[in-house]
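Per-entry structural report
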Amino acid sequence: MSKIITIVNQKGGVGKTTTAVNLAAGLAILERRTLLIDFDPQGNASSGVGIDKDNVPLQIYDALIRHTAIEDVILTTAIDRLSCIPGNIHLTGAEIELVHEFAREYKLKEALQPIRNLFDYIIIDCPPSLGLLTVNAMTASTDVLVPLQCEYYALEGVSQLLTTIRLIQKNLNPQLNILGILLTMFDKRLNLSTSVAKEVHRYFKEKVFRTIINRNVKLSEAPSHGKAIFLYDIKSPGATNYLQLAHEVIQRYAQ
């Protein structure tokens, strides 16, 4: 049965999509069958693995709203064992269309049922909001992973996110677990990064991943080439960081 990890933070620009793409790629490199689901209308995770999001015949919207078989929406990528279900601007319509649906929070969970045994890990990249798409993702998931940027406003809004997670645990998905908090865009030259990291560790304790994603220009460049960091520059610090994260995720489940 797949481990389903939603990458979530309602604040934009925290490295959410970068983490979804490169964690998924890292798990695949470590020989885990991995599926990346682009659940963000911006479609950046799709582009990040080389898929032309605007010219795909089918995408997650079709499985969610039109009840297309989920198996027909899965695409292969340039990385062995990494598949992707793309998403694009049509997902904006899905949020509106789901409002009047019965059991609307469970639509993604229902859609994923037929493929739960085909993958070791399913990684879901969410939009930067706590709307119905994100609620669907967390309801369908076994775990959430929260990227936090090492900047002044890092913890602002996290309390709202944690409240949402607790509500979903109480009302929709009692098994939902917080897999961990991931520090991103860390710059060791800045005292601010260090102080934010200390504050996050003080607040979340053992939930914080040992792996820290350092600020790295190669991580910023890779998406424009439609490549995960491992295909763009495997020797970069970003590639090292995300491979370490993939190892740590596997270890957390083993424990």
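Preceding this section is the structure that the text describes.
Description of the structure in this document. Keep in mind the model is a prediction, meaning the values are calculated, not measured.

Looking now at helix α1 (residues 16–29). With 14 residues, α1 extends 20 Å between its outermost C-alpha atoms, agreeing within 8% with the 20 Å of an ideal straight helix rising 1.5 Å per residue. Counting buried positions over the 14 residues of α1 gives twelve, a clear majority of the element. The set of residues buried in α1 consists of Lys16, Thr17, Thr19, Ala20, Val21, Asn22, Leu23, Ala24, Ala25, Gly26, Leu27 and Ala28. Taken from the residues just after α1, Glu31 is the one with a positive phi, measuring 70°.

As a further point, take the packing of aromatic side chains. Under the defined criterion, the tally for this structure stands at two aromatic pairs. Each ring, one from Tyr121 and one from Tyr253, has its centre 5.7 Å from the other, and the planes form 55°; the classification is tilted. A residue pair is termed long-range when its members are at least 10 positions apart, and Tyr121 in strand β5 (residues 121–125) and Tyr253 in helix α11 (residues 237–254) qualify at 132 residues. For Tyr253, a relative accessible area of 22% translates into the label partly exposed. If you follow Lys3 out to its NZ or CZ, it ends over the ring of Tyr253, 5.4 Å from the centre.

Glancing now at unusual backbone geometry. Even without being a glycine, Glu31 presents a positive backbone phi close to 70°. Among the secondary structure elements, Glu31 is positioned in the loop between α1 and β2 (34–38).

Thresholds, definitions, all that
- Residues numbered from 1 in each chain as written.
- Predicted model: local features only at pLDDT ≥ 70, side-chain atom pairs only at ≥ 80, totals over all residues.
- Heavy atoms only, no water.
- Helix = DSSP H or I, 4+ residues; strand = E, 2+ residues; numbered from the N terminus.
- Expected span 1.5 Å × (residues − 1).
- Buried < 20%, exposed > 50% of the residue type's maximum accessible area, 1.4 Å probe, protein only.
- Phe/Tyr/Trp six-rings, centres within 6.5 Å; stacked < 30°, edge-to-face > 60°.
- Lys NZ or Arg CZ within 6 Å of the ring centre and 35° of its normal.

Any functional reading would require information that these geometric values do not contain.
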